[in-house]
Amino acid sequence: VLFPPGTYASTSQITVTGNDVTLIGQGSASLKYTGVMQTANAGVLRVEGDRCRVENLTIDGNTRLALYGVTVWQADGVKLRDVTVKTTGYHGLYLTASPNVTVDTVIMDDCGEPSRGNGFGGGMYASQCGDLAVINSTASNCWDRGLYIDGVGETGLLVAWCKSIGNGHSDSFRVSDARIVGHYVWGVDCTNVVGGRTGSLSIAAQSTFGNPARVIITGGVFGGSIPAGVDNEISITGDDVVFTGNT
């Protein structure tokens, strides 16, 4: 599906249920939610089909009217590339039970606010998404965490050259319940955290089936404006932690 330059308004969530569907925008193409304020599991765009792609599109929550920007729901092999998600009421990206997802060059800006989604909306929330790759992406000015990855499972996670800047209320970048053998975080920039209960980087890796939980973090930039009352700046747990070449 090709979207020429322009704004495409929708009063309801757009849901892709078929496999191998590609949505691609040209120039300034934007999908904008213009319906009533959403209060349940809904957003601008929801992908349920395997091997779908979303490229070169702006996903506009229209100043919090939409709850989520892009939801990937129980879909395998979805790719998001050159996508901007903005002004959602809760998470910009919401990925759940979806293996082999690639988030490449995605901007999540001004997502989440205290009155929506239990007050924990942020740039990206991914749950139970094995073999997840988040590359060259930025979360900024979001209410809660910039990037939050929960329960990766027993397969891999790659986070490379991402930025989580100016996000508040909690960790700028958090990975929890990561029962994985290899856990690679390269070049993550977690600076200028605004507000929060915990620090700019939080990773909890757990071993499984006798395999060590290895965490490799290299080339990162952490710190910046850490406010008073923050528990810690960097928290990493694992059986084999490699932390090198960071600032």
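In the block above lies the structure referred to throughout.
It should be emphasised that the depicted structure is a prediction, and the values quoted were computed from it without experimental measurement.

## Observations concerning the overall build of the protein
Along the protein, the regular secondary structure elements total zero helices and 25 strands. Sorting the 247 residues of the protein into buried and exposed places 52% on the buried side. In the protein, of all internal contacts separated by at least 6 residues, the share reaching a separation of at least 24 is 73%. Accessible area of the protein: about 9,800 Å², with a carbon and sulfur share of 50%.

## Quick notes on the environment of Thr218
Its location among the elements puts Thr218 in strand E22 (residues 214–218). The partly exposed category is assigned to Thr218, whose relative accessible area is 26%. Expressed as a C-alpha distance, the spacing of Thr218 and Thr244, which sit 26 residues apart in the sequence, is 5.0 Å.

## Considerations on the pattern of salt bridges
When charged atoms on two side chains of opposite charge get close, those side chains can pair. On inspection of all chains with the given rule, the structure shows eight salt bridges. Close ionic contact of Arg46 with Glu48 constitutes a salt bridge, the shortest N to O distance being 2.6 Å. In this structure Arg46 comes out as buried when scored by relative accessible area, which is 14%. The class for Glu48 is partly exposed, based on a relative accessible area of 29%.

## Description of the environment of Lys32
Inspection of the secondary structure assignment puts Lys32 in strand E5 (residues 30–33). Lys32 gets classed as partly exposed once you look at its relative accessible area, which sits at 26%. As a C-alpha pair, Lys32 and Val44 span twelve residues in sequence and 7.0 Å in three-dimensional space. Setting aside residues no more than four positions away along its own chain, Lys32 makes contact with Thr7, Tyr8, Ala9, Ser10, Asp60 and Asn62.

## Points about a nonpolar patch on the surface
Judged by side-chain polarity, Ile234, Val241 and Phe243 come together as a nonpolar surface patch covering roughly 230 Å² of accessible area. Tracing the backbone shows Phe243 in strand E25 (residues 240–244).

## Considerations on the side chain of Asp104
With respect to the helices and strands, the residue Asp104 is situated in strand E11 (residues 102–109). Side-chain polar atoms of Asp104 contact the side chain of Thr105, separated by 2.7 Å. The contact partners of Asp104, leaving out residues within four places of it in the chain, are Leu80, Arg81, Asp82, Ile135, Asn136 and Ser137.

## A word on the packing of aromatic side chains
Between two aromatic rings, the relevant description is the distance of the centres plus the angle of the planes. Tallied over the entire structure, the rule returns five aromatic pairs. Their ring planes at 75° and their centres at 5.2 Å tell us that Phe3 and Tyr8 sit as a pair that is edge-to-face. Residue class for Phe3 comes out buried when judged on its relative accessible area of 13%. Accessibility expressed as a relative area gives 29% for Tyr8, which makes it partly exposed. When the ring of Tyr94 is compared with that of Tyr125, the centres are 6.0 Å apart and the planes differ by 15°; the resulting orientation is stacked.

## Description of the nonpolar core
Core analysis: the biggest nonpolar cluster contains 47 residues, and Ile59, Leu93, Leu95, Val103, Met124 and Phe173 have the highest contact counts within it. Apart from residues lying up to four places away in sequence, Leu93 is in contact with Val70, Leu80, Val85, Val103, Val106, Met108, Gly123, Met124 and Tyr125. Leu67, Tyr90, Tyr94 and Tyr125 belong to the second-largest nonpolar core, a separate cluster that totals six residues.

## Topic: the pairing of strand E8 (residues 68–73)
Across the six residues of E8, five count as buried, placing the element largely inside the fold. Inspection of the sheet shows strand E6 (residues 43–47) paired to E8 by four bridges, in the parallel sense. Bridge pairing in E8 links Leu45 to Val70. Sheet topology places E8 next to strand E10 (residues 93–96); four bridges connect them, and they run parallel. Looking at the pairing, Val70 lines up with Leu93 of E10.

## Structural notes on unusual backbone geometry
Residues other than glycine seldom take positive phi values, yet Asn62 does so here, at roughly 60°. Its location among the elements puts Asn62 in the loop between strand E7 (53–60) and E8. Relative accessible area serves as the criterion here: at 18%, Asn62 is assigned to the buried category. One non-glycine residue with positive phi stands out, namely Asn141, at about 60°. Residue placement: Asn141 occurs in the loop between strand E14 (138–140) and strand E15 (147–150).

Calculation rules
- Residues numbered from 1 in each chain as written.
- Predicted model: local features only at pLDDT ≥ 70, side-chain atom pairs only at ≥ 80, totals over all residues.
- Heavy atoms only, no water.
- Helix = DSSP H or I, 4+ residues; strand = E, 2+ residues; numbered from the N terminus.
- Buried < 20%, exposed > 50% of the residue type's maximum accessible area, 1.4 Å probe, protein only.
- Contact = heavy atoms within 4.5 Å.
- Areas by Shrake-Rupley, 256 points an atom, 1.4 Å probe, with all protein chains shown as cover.
- Salt bridge = Lys/Arg side-chain N within 4 Å of Asp/Glu carboxyl O.
- Patch = residues over 30% accessible without salt bridge, like charges linked within 9 Å, V, L, I, M, F, W, Y side chains within 5 Å.
- Polar contact = N/O pair within 3.5 Å; in protein donor to acceptor, adjacent residues only side chain to side chain.
- Phe/Tyr/Trp six-rings, centres within 6.5 Å; stacked < 30°, edge-to-face > 60°.
- Core = buried A, V, L, I, M, F, W, Y, C linked by side-chain atoms within 4.5 Å.
- Pairing = 2+ DSSP bridges.

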